[in-house]
Amino acid sequence: MKPRRFTFFMLAAASLLNAQTAPTSSQSHSNGTSAKQEEAKALLACGQMVADQLALLKIPDTRAPRFQGKVSEATALCRGGAQALQFRATPWVDWTNYWGTGDMSSLPTGFISKKLPAQRGVAGALEDLELQRIELIKFNLFDNAGTFSEYVQGRNGVGGPAIKVWPEMRLQPSDPNYNAVGGDGDQVCKGDLIRWRTVTGICNDILNPAMGSSGMLFGRNVEFEAAFPDLGLDQLARNRHGNRLSLLEPDPQVISRRLFTRIQSSPDKCQAGYGLPNDSKDANCDYQKAPFFNVLAAYWIQFMTHDWFSHLDEGHNAPEYMKVGCETKLVNNVEVPLTPEDIAKLGCRPDDQMDKSYVAQDTPPGTFESGGHTYLARAPKTMANTNTAWWDASQLYGFDDTSRQRVKRDPADNAKLLLVPAAGQPGPGYLPVFGPNDPINPEWAGQEATGFPDNWTVGLSFLHNLFAREHNSFVAEFRRVAAQKPNADCGLRDPAQPKKVIRYKDVTPDELFEIARLVVAAEIAKIHTTEWTPQLLYNEPLYLGMNGNWNGLLGENGGLLSKALSDIVVRNFGKSKDVAKATTWYSVFASGPGIFGLGSKVSGYDITNPKYTNGGVNHFGSPFNFPEEFVSVYRLHPLVPDLLEYRDLKGDPNKIVKRIPVVETFQGKATPFMETMGIANWGLTLGRQRLGLLTLHNSPMFLQNLKLSRLDSPTQQIDVVALDIIRDRERGVPRFNEFRRQYGLRQLTSFDDFMDPGVAPGSPEQLEQQETVKTLRELYGQHVCDASKVITDAQVNEDGSPINDCLGHPDGTLIDNIEDVDTAVGYLAEYRRPHGFAISETQFVVFILNASRRLFSDRFFTSCFRPEFYTTLGIDWVNHNGPGPVQMEKGAPNGHVQPVSPLKRILIRNIPELASELDPVINAFDPWARDRGQYYSLAWKPRPGAESDDSFANQ
Ligand code: HEM
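Residues numbered from 1 in each chain as written. Predicted model: local features only at pLDDT ≥ 70, side-chain atom pairs only at ≥ 80, totals over all residues. Heavy atoms only, no water.

A word on the packing of helix 7 (residues 252-260) against helix 23 (residues 720-730)
When two helices pack together, their arrangement is given by the angle between their axes and by how far apart the axes lie. Inclusion rule: Throughout, an axis means a line fitted to C-alpha atoms (over the contacting stretch in the case of helices), and angles, computed between N-to-C directions, take values from 0 to 180 degrees. Comment: elements are numbered from the N terminus, with helices defined as DSSP H or I runs of at least four residues and strands as E runs of at least two. Here the word oblique covers every angle except those under 35 degrees (roughly parallel), over 145 (roughly antiparallel) and from 65 to 115 (roughly perpendicular). Less than a right angle of anticlockwise turn of the near helix away from the far helix marks a crossing as left-handed, whereas a clockwise turn marks it as right-handed. We call two residues in contact when some of their heavy atoms are within 4.5 Å. Three classes are used: nonpolar for Ala, Val, Leu, Ile, Met, Phe, Trp, Tyr, Cys and Pro, charged for Asp, Glu, Lys and Arg, and polar for all others, with Gly counted as polar.
Remark: helix 7 packs on helix 23, axes separated minimally by 8 Å, with the N-to-C direction vectors making an angle of 130 degrees. Considering their axes alone, helix 7 and helix 23 lie oblique with respect to each other. For the element pair helix 7 and helix 23, the recorded crossing hand is right-handed. Of helix 23, the residues touching helix 7 (which contributes Pro-252, Gln-253, Ile-255, Ser-256 and Phe-260) are Val-721, Ala-722, Ile-725, Ile-726 and Arg-729. Residue classes in the contact of helix 7 with helix 23 are distributed as 7 nonpolar, 2 polar and 1 charged.

Here it is in structure tokens:
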């Protein structure tokens with residue numbers, strides 16, 4: 001134990017206990033203790049916590065005794081007082097009950113100082129999250145590409161997690177750059193291949209040219225044996241699911257209709273998401289709204305996923321078709337056919353069909369032995385990511401030769417993207433529409449031309465147009481500076497002539513195009529990390545954590561200390577062959593200087609030497625790509641409303657003038673909406689409307705009934721919600737409970753565990769949750785458990801015994817089939833969530849691991865975030881959120897003095913009509929008319945000037 005800290009807590013506690021003053025009524029706590037007594041108890045607990053923590057900081061050697069987000073009683077008490085002890089028995093993580101992690105009500109009352117306990121709570125939450133991240137990096141990386149056996153066994157005396165170069169990440173002879181990187185010798189990217197983000201994503205990692213490029217395999221975050229439980233290849237999986245699973249059982253369309261459908265107060269005004277004629281504002285489709293997150297944020301994440309991954313090839317799947325349910329239901333734990341009455345009542349469609357998922361490999365994966373254990377070398381089936389896995393804005397710029405042809409450059413200035421004027425609309429214009437010779441899927445005809453055009457609606461049109469404008473804004477500023485000081489050093493360097501200064505006037509249009517792409521991609525990553533995510537997870541620990549990922553926990557101006565830490569991380573740990581240093585401590589120390597820019601400030605930097613250019617990345621022994629599980633938790637379809645509340649900036653922004661069905665803006669229909677109504681009005685529309693909560697009974701009706709003309713099926717229609725479930729099953733995502741165990745979260749033992757123990761007994765919320773539990777039982781059923789069957793090796797019971805089929809219930813009793821719950825169902829059914837979390841904790845844990853890795857692995861966000869690649873203007877533009885010096889926001893929102901947010905700046909720069917609307921907005925993803933109130937308030941209240949906004953009248 002650290003004696004100084006311990007003594008401090010003891011003395012402080014003693015002085016409080018001695019100061020026995022009678023509690024005033026405001027100081028009385030529900031359990032009868034005074035605030036001072038509680039404070040003293042908490043302080044005493046802090047002494048014990050220090051001792052507990054020392055034990056905790058030892059990261060376990062095996063996955064079974066993981067942290068699970070659960071702390072000791074003393075730690076919870078120290079960080080959150082008595083209320084933090086209330087929910088320790090639930091499956092959900094503890095940190096959300098600490099002081100300061102919610103809104104004002106999470107701050108202690110009656111304490112001598114609110115500040116110190118709140119700091120303990122928030123710092124404690126950050127510590128728990130970091131511990132989770134370390135364990136996730138240690139236990140949840142499973143590469144499908146053939147590197148896994150070395151990850152487990154090591155190579156030539158180097159431990160697996162410290163391996164940095166893999167033969168599986170070499171370019172194949174068929175690649176046009178095969179010879180350029182070294183052919184069949186050592187492959188090292190050089191020359192023009194390392195200067196920018198390449199179209200196919202090769203050479204981001206200079207020593208692993210193929211890593212993250214288009215067509216590489218998705219990885220996994222779960223043991224390969226735990227994937228594809230439906231195939232029954234693994235004894236534990238067979239014990240877990242008792243032969244109850246198949247692609248269409250339980251029936252996905254039945255699940256969709258019974259658990260996901262939005263309940264409508266007046267179905268005739270919604271018309272299954274198709275609204276009323278002429279986009280009448282009298283239409284109404286009810287949905288559950290998140291008060292602190294707007295529709296722009298929904299489209300933002302779709303825009304992001306189109307950058308990161310895709311299973312589809314040019315908007316379609318494999319040639320074979322399959323049925324997609326609406327066939328059976330469970331009666332007395334047996335699947336029986338639906339009757340015509342059942343089908344009519346559910347409103348599902350037995351004739352729907354869909355193209356099957358592509359599978360890259362389905363041959364037996366092979367095994368290897370290590371430490372007396374037999375491992376699968378990869379998952380039983382693998383799938384390819386047809387996109388680049390890098391955060392490289394490939395949705396805008398393309399990800400292979402075909403998609404690059406869809407990206408139109410401006411013939412008048414080849415550094416710019418082509419924008420064309422739209423009749424009657426001000427500004428620099430709009431993306432051109434696809435022409436007859438463009439390489440597109442016929443469904444995309446009439447849409448704006450861009451790299452990734454699938455599932456286009458007016459929301460994606462908005463973001464693609466906005467960032468095309470931003471690309472051109474950067475080019476214009478570069479040209480302005482170049483005209484002013486043509487002979488000045490722009491910072492760029494060419495590895496072929498590294499010493500040669502490149503002046504502004506020397507930069508070619510092609511070079512400038514690629515620099516602008518680097519800048520736009522970095523801005524997007526910055527918006528996502530410091531603006532979108534802190535609004536998605538709206539509380540103080542996450543605000544600090546996400547800004548920490550970007551700027552470092554030491555703050556944006558961490559200065560010398562930040563640089564020193566960065567050097568320590570990269571020098572000591574980045575190159576380390578010691579596994580613990582290379583992985584475990586790297587993540588912790590990187591929190592100091594921040595991941596962004598790691599390795600970019602080392603002394604003696606040389607762009608011809610991969611030791612420097614590649615020196616800031618860390619893949620933790622497992623080549624970077626997204627895991628299937630990541631795709632699963634990003635199926636965020638409930639975010640989308642059915643109807644868009646259209647507003648007109650020139651009229652009264654507080655008035656909703658039309659209700660436009662999202663589906664009426666699908667594919668080519670988006671473009672006329674964008675061009676005739678104008679990007680500014682769409683900004684206002686998407687910015688003011690609340691998005692849908694990620695919860696059950698909240699999926700868009702139009703997506704349950706989506707018409708896809710490309711389908712060769714009787715209905716040419718698909719229930720995307722049911723498809724979400726089917727795709728996860730096709731791709732072997734473990735079911736919810738094992739999914740949680742694999743990620744180091746605590747398991748559930750019955751459907752009742754989904755209930756939030758914090759809701760008032762008899763409240764409408766509790767009744768709704770009870771109804772969900774009942775429906776889950778009807779859909780997934782129950783079975784008589786058998787305690788002799790071990791069901792997992794991912795975790796053990798608290799007493800160290802294996803977890804068995806009875807999950808702690810008496811042997812031979814009837815228990816819920818909680819193991820069978822589909823992951824997408826489970827994560828939406830989590831009613832208890834951290835304050836301000838638009839996603840559930842299960843989705844979040846997937847994010848902790850993969851969002852960090854997406855930065856850690858990318859040299860353009862770490863060691864190559866330098867003027868040699870971005871130019872000096874480019875670096876400043878990303879750091880300052882645009883041209884000129886950084887601009888500061890008014891006041892200190894939520895207690896933080898902060899710059900004007902990057903997206904707010906981009907919106908005002910490229911759509912100046914929105915300037916006054918955005919003036920009071922702090923975070924562009926918070927509904928623009930909402931008053932943010934105090935300290936992470938979620939209240940739905942109008943800000944001054946928006947009192948008459950229609951959306952406050954129709955809560
Ligand atoms: C707004 C209208 C949207 C439409 C019309 C739409 C449509 C679709 C369709 C048809 C699929 C199925 C593709 C297949 O497996 O065959 C799909 C998949 C998916 N959607 Fe959406 N979607 C929309 C919004 C969103 C949003 C807001 C998100 C948020 C992240 C999202 C995330 C995903 C993901 C992650 C997949 C799986 C992609 C893959 O398998 O690689 N979608 N969507």
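After that view of the structure, there is still more to cover.
Some words on the environment of Glu-249
By the element assignment, Glu-249 lies in the loop between helix 6 (235-241) and helix 7. The spatial distance from the C-alpha of Glu-249 to the C-alpha of Leu-116 is 52 Å, given a sequence separation of 133 residues. What Glu-249 contacts, discounting residues up to four positions off in sequence, is Arg-244, Glu-335 and Arg-729.

Quick word on the coordination of the iron atom of the ligand
Ideal coordination angles are 109.5 degrees for a metal with four donors arranged tetrahedrally and 90 or 180 degrees for a metal with six donors arranged octahedrally. Note the cut-off: A donor here means an N, O or S atom no more than 2.8 Å from the metal, or no more than 3.2 Å when the metal is Na, K or Ca. Since water is not included, a site may seem to lack partners.
Just one protein atom coordinates the iron atom of the ligand, and that atom is His-637 (NE2), at 2.1 Å. For His-637, the location among the structural elements is in the loop between helix 19 (628-633) and strand 10 (643-646).

Here we look at the state of the cysteines
Spelled out, the test is: Two cysteine sulfur atoms make up a disulfide if the distance between them is within 2.5 Å. Residue burial is assigned from relative accessible area. The probe radius is 1.4 Å, only protein chains are included, and a residue is buried under 20% of its type maximum, exposed over 50%, and partly exposed in between.
Scanning the entire structure with this criterion turns up 5 disulfides. A sulfur-sulfur separation of 2.1 Å characterises the disulfide bridge that pairs Cys-189 with Cys-203. Disulfide Cys-189-Cys-203: torsion about the S-S bond near -80 degrees, hence left-handed. Taken together, the positions of Cys-189 in the loop between helix 5 (148-153) and helix 6 and Cys-203 in the loop between helix 5 and helix 6 put the pair 14 residues apart, joining distant regions of the chain. Relative accessible area serves as the criterion here: at 0%, Cys-203 is assigned to the buried category. The connectivity of the disulfide-linked cysteines in the chain, indexed sequentially, is 1-2, 3-4, 5-6, 7-8, 9-10. Looking at the unpaired Cys-490, the closest cysteine sulfur is the one in Cys-864, lying at 16 Å. Note on Cys-490: relative accessible area 0%, which makes it buried.

Overview of the confidence of the model for the chain
Applied cut-off: Scored from 0 to 100, pLDDT reflects the predictor's confidence in each residue.
Here the chain averages 91 in pLDDT, while 91% of its residues score no lower than 70. Counting interchain partners and residues more than four positions distant, the pLDDT-below-50 stretch residues 6-11 has 7 contacts. Segment residues 16-32 is flagged for pLDDT under 50; beyond a separation of four residues in sequence, or across chains, it makes 23 contacts in the model.

Some thoughts on the environment of Gly-732
Assignment of secondary structure puts Gly-732 in the loop between helix 23 and helix 24 (736-742). With a relative accessible area of 1%, Gly-732 lands in the buried category. In sequence terms Gly-732 and Phe-224 are 508 residues apart; their C-alpha atoms lie 9.5 Å from each other. Beyond its immediate sequence surroundings of up to four residues, Gly-732 is in contact with Arg-220, Ala-227, Phe-228 and Pro-229.

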